[in-house]
Amino acid sequence: MIGRPITGSSFLGCISYNLEDKRELTEEQKEQLSQLEGVQHKDRAEVLVYNKCFGDKYELAAQFREVAQLSKRVEKPVFHFPIRLAPGDTVNRDELIEIAEACVREFEVENNQYVIILHKDTREPHIHIIANRVGFDGKVASDSYSKRRMMALCRRLEKQYKLREVLGPRASLPKELRLIPHHNARKERLKNDIGRTLEQVKNYQEFAELMQKLGYTVLKSRGIAFIDDKKVKIKGSEVGFSLSKIEQILYLKRELAVKLAKQAVFETAGRQQKSEYRASTPAQKLLLQTWQQAQLEKSPLFPLQQEIKTIAQELNQLLYGLLKPEYMDQSINPELVKEAKRKKKRRPPR
């Protein structure tokens, strides 16, 4: 589970972003991406809980601002908590609400205005909590040590709901644990998008066009890089898909397609040849089967089938090796983190 505590100053901006569809996608792109990814890009947001507030984005923002004015000293009254489960983890609707309510209790805004919003445009459960840091009594919820508090909350919830343990923010880890590779949701998404796209296309042009439909700008020179919808640039080599790897996969796919076409031609000719022979008795059928097997081993079809099998295995192994989640074997048990911290605090007697 990955959670981020964010403070801000604009209720309307935060609420609008979370209640609306992505503005950079056209209606056609939403439909195409929904079919391709199996998620919901149109009407992606659903409010699961309203707490002491109601209405559309304008009504919600006005209500939040009115209460925020009870405190004259707070500059950033918006609390925003995006929470996403790790790939492969699932919880039901009620458990998502329980997780969100545990978050508002952790940050002591359970009695304040907040909304819990489910986003349906990602494969993993993905919720946003927007809360007012200012309560009806004018008191302001603290945002001190918010990253550490969120990390500790995520670790507790992972145990409670038997979810996969994911590394917390690197800065909050002991020095000896910071060198372990960290799961990066943005890079994981890019890697999966590249892999699924390569499975569907036949050449580089189709690959680049489909990646653009997914919202990426593709930059190709001596290497390859991708710029996502948040204007973040990531090299293909950073997610295992260097330009040479992509070209190798596309080459294998072309070779496989050519050989499968040849196989179809040989098989058609073989079926026509078989139709010229008839076998009525068991002995004749056995002789015919033996003769056909001998003919197969002499024909170009036999080595061609072996080549097809070899290429298909190489292609599958290559894609599987690149798409295998690396961080699954590198997550750290929170107890190990605690033990490392305890050792760090110990000092030999002087």
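Up top is the structure these notes are about.
Before going into details, it helps to say that this report is about the structure given with it. (Residues numbered from 1 in each chain as written. Predicted model: local features only at pLDDT ≥ 70, side-chain atom pairs only at ≥ 80, totals over all residues. Heavy atoms only, no water.)

## Focus on the overall build of the chain
Of regular secondary structure, the chain possesses eleven helices and nine strands. The buried share of the chain, taken over its 350 residues, is 41%. Sequence-distant contacts in the chain: of pairs separated by 6 or more residues, those separated by 24 or more amount to 69%. Total accessible area computed for the chain in this model is approximately 20,700 Å², and 51% of it derives from carbon and sulfur atoms. (Helix = DSSP H or I, 4+ residues; strand = E, 2+ residues; numbered from the N terminus. Buried < 20%, exposed > 50% of the residue type's maximum accessible area, 1.4 Å probe, protein only. Contact = heavy atoms within 4.5 Å. Areas by Shrake-Rupley, 256 points an atom, 1.4 Å probe, with all protein chains shown as cover.)

## Some remarks on the side chain of Q63
Relative to the assigned elements, Q63 resides in helix α3 (residues 57-68). On the basis of relative accessible area, Q63 is assigned to the buried category, the value being 15%. Not counting residues up to four positions away in its chain, the partners in contact with Q63 are C53, F54 and Q113.

## Some remarks on the sheet that holds strand β9 (residues 233-235)
Each strand in a sheet pairs with another by means of backbone hydrogen bonds, the pair being arranged parallel or else antiparallel. Within the open sheet, the three strands sit side by side as β7-β8-β9. Their pairing is antiparallel. Each edge of the open sheet carries a strand with a single partner, namely β7 (217-220) and β9. Direction aside, neighbouring strands of the sheet carry axes that sit 25 degrees apart on average. As judged from the three bridges shared by strand β8 (residues 224-227) and β9, these two strands associate in the antiparallel manner. Each bridged residue has a counterpart across the sheet, and for F226 the counterpart in β9 is I234. (Pairing = 2+ DSSP bridges. Axes fitted to C-alpha atoms, helices over the stretch in contact; angles between N-to-C directions.)

## Quick word on the pairing of strand β5 (residues 114-119)
With six of six residues buried, β5 lies mostly within the body of the structure. Side chains of β5 alternate between two faces, with Y114, I116 and L118 and V115, I117 and H119 buried alike. Judged from the six bridges that link them, strand β3 (residues 45-51) and β5 form a sheet pairing that is antiparallel. Within β5, the residue paired with V47 across the bridge is I117. Pairing analysis gives six bridges linking β5 to strand β6 (residues 126-132), with the strands arranged antiparallel. Counterpart to I117 in the pairing with β6 is H128. Between β5 and β6, which pair antiparallel in sequence order, lie six residues.

## With respect to the packing of helix α6 (residues 185-200) against helix α7 (residues 204-213)
Taken N-terminus to C-terminus, the directions of α6 and α7 make an angle of 135 degrees; their axes are 10 Å apart at the nearest point. The pairing of α6 with α7 is recorded here as oblique in orientation. Handedness of the crossing formed by α6 with α7: right-handed. Across the interface between the two elements, L190, D193, I194, T197, L198 and Q200 of α6 pack against F207, L210 and M211 of α7. (Parallel < 35°, antiparallel > 145°, perpendicular 65-115°, else oblique. Left-handed = near helix turned anticlockwise from the far one by under 90°.)

## Things to note about the nonpolar core
One finds M1 and C103 to be the most contacted residues of the largest nonpolar core, which totals 30 residues. Contributions of two or more residues to this core are made by β3, β4 (78-84), α4 (93-106), β5, β6 and α5 (146-160). Top element by residues in this core is α4. It accounts for seven residues. Not counting residues within four places of it along the chain, the set of residues in contact with C103 comprises F81, I83, I129, M150 and L153. Grouped together as the second largest cluster of nonpolar side chains are 21 residues, L25, L33, L210 and M211 included. (Core = buried A, V, L, I, M, F, W, Y, C linked by side-chain atoms within 4.5 Å.)

## Brief notes about the environment of N51
Tracing the backbone shows N51 in strand β3. What makes N51 buried here is its relative accessible area of 17%. It is 5.4 Å that separates the C-alpha atoms of N51 and Q113, two residues lying 62 residues apart in sequence. Residues contacting N51, with those up to four places away along its chain left out, are E110, N112, Q113 and Y114.

## A few points about the packing of aromatic side chains
One pass over the structure, following the stated rule, counts seven aromatic pairs. Their ring planes at 35 degrees and their centres at 4.6 Å tell us that F81 and F107 sit as a pair that is tilted. One end of the pair, F81, is in strand β4; the other, F107, is in the loop between α4 and β5, and 26 residues separate them in sequence. On the basis of relative accessible area, F107 is assigned to the buried category, the value being 0%. Relative to F207, the ring of Y204 lies with its centre 6.0 Å away and its plane at 45 degrees, an arrangement referred to as tilted. (Phe/Tyr/Trp six-rings, centres within 6.5 Å; stacked < 30°, edge-to-face > 60°.)

In short, shape yes, function no, at least from these values alone.
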